[in-house]
Amino acid sequence: MKLQQSAGSFALCVEDGGMEDLEVRKIYQALPDPEANREGYVRVIDESGEDYLYPSNLFVSVKLPAAVVRRLKRPSRSRSNIARRQVRRAG
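We now turn to the structure provided with this report. (Residues numbered from 1 in each chain as written. Predicted model: local features only at pLDDT ≥ 70, side-chain atom pairs only at ≥ 80, totals over all residues. Heavy atoms only, no water.)

1. What to know about a nonpolar patch on the surface
Step number 1: Taken together, Ile27, Val68 and Leu72 make up a surface patch of nonpolar side chains, about 230 Å² in accessible area.
Step number 2: Looking at the element boundaries, Ile27 is found in strand E2 (residues 27–31). (Patch = residues over 30% accessible without salt bridge, like charges linked within 9 Å, V, L, I, M, F, W, Y side chains within 5 Å. Areas by Shrake-Rupley, 256 points an atom, 1.4 Å probe, with all protein chains shown as cover. Salt bridge = Lys/Arg side-chain N within 4 Å of Asp/Glu carboxyl O. Helix = DSSP H or I, 4+ residues; strand = E, 2+ residues; numbered from the N terminus.)

This is how it looks when you write it as structure tokens:
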């Protein structure tokens, strides 16, 4: 299956293919890579924050609302920083 890719595209993992780096039912940012796409692969940013090639049959392309895309593309704060901030507010 070929994924439609653009600068703001995302892919839903529907199967992990036995790869520990992927989580089923998780949305990953997909990066344009026409050569990889021709070969049956998709380039996604995984948990490490790095982009890797995975078989495209493990993903389906998803179209998200623009507001969601903006939020997902923002640099994420670590959960520990958020938890610390919540503890400080509570105290």
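2. Topic: the packing of aromatic side chains
Step number 1: Throughout the structure, instances matching the rule amount to two aromatic pairs.
Step number 2: Geometrically, the ring pair formed by Tyr28 and Phe59 is edge-to-face, given 6.0 Å between the ring centres and 90 degrees between the ring planes. Taken together, the positions of Tyr28 in strand E2 and Phe59 in strand E5 (residues 59–62) put the pair 31 residues apart, joining distant regions of the chain.
Step number 3: Of the residues examined, Tyr28 reaches a relative accessible area of 1% and is grouped as buried. (Phe/Tyr/Trp six-rings, centres within 6.5 Å; stacked < 30°, edge-to-face > 60°. Buried < 20%, exposed > 50% of the residue type's maximum accessible area, 1.4 Å probe, protein only.)

3. Describing the nonpolar core
Step number 1: One finds Ala11, Cys13, Leu22, Tyr28, Ala30, Val42, Val44, Tyr54, Leu58 and Phe59 forming the largest nonpolar core, which totals 10 residues.
Step number 2: Setting aside its immediate chain neighbours within four residues, Tyr28 contacts Phe10, Ala11, Cys13, Asp21, Leu22, Glu23, Val44, Ile45, Asp46, Glu47 and Phe59. (Core = buried A, V, L, I, M, F, W, Y, C linked by side-chain atoms within 4.5 Å. Contact = heavy atoms within 4.5 Å.)

4. Points about the sheet that holds strand E3 (residues 41–45)
Step number 1: Spatial strand order, E4-E3-E2-E1-E5: five strands in an open sheet with antiparallel pairing. The sheet is open, and its two edges are formed by strand E4 (51–55) and E5, each paired on a single side. Going from strand to strand, the sheet's axes swing by 45 degrees on average, the running direction of each strand aside.
Step number 2: Here strand E1 (residues 10–13) pairs with E2 via three bridges, running antiparallel. Bridge pairing links Ala11 to Tyr28 in E2. (Pairing = 2+ DSSP bridges. Axes fitted to C-alpha atoms, helices over the stretch in contact; angles between N-to-C directions.)

5. Things to note about unusual backbone geometry
Step number 1: Its identity is not glycine, yet Arg25 carries a phi of approximately 75 degrees, on the positive side.
Step number 2: Within the secondary structure layout, Arg25 lies in the loop between E1 and E2.
Step number 3: Note on Arg25: relative accessible area 72%, which makes it exposed.

6. Things to note about the pattern of salt bridges
Step number 1: A full pass over the atoms with the stated rule returns two salt bridges.
Step number 2: Arg43 is the partner of Asp33 in a salt bridge, and the nearest nitrogen-oxygen pair spans 2.8 Å. Of the two residues, Asp33 is situated in the loop between E2 and helix H1 (34–38) and Arg43 in strand E3; the sequence distance between them amounts to 10 residues.
Step number 3: The exposure class assigned to Asp33 is buried, which follows from its relative accessible area of 14%.
Step number 4: Under the relative-accessibility criterion, Arg43 is labelled partly exposed at 21%.

7. Some points on the side chain of Asp46
Step number 1: If you trace the backbone, Asp46 turns up in the loop between E3 and E4.
Step number 2: Within the buried set, Asp46 has no salt-bridge partner at all; the shortest N-O distance to an opposite charge, 8.8 Å, is to Lys26.
Step number 3: Contacts of Asp46, omitting those with residues within four sequence positions, involve Asp21, Tyr28, Tyr52 and Tyr54. (Lys, Arg positive; Asp, Glu negative; His and termini not counted.)

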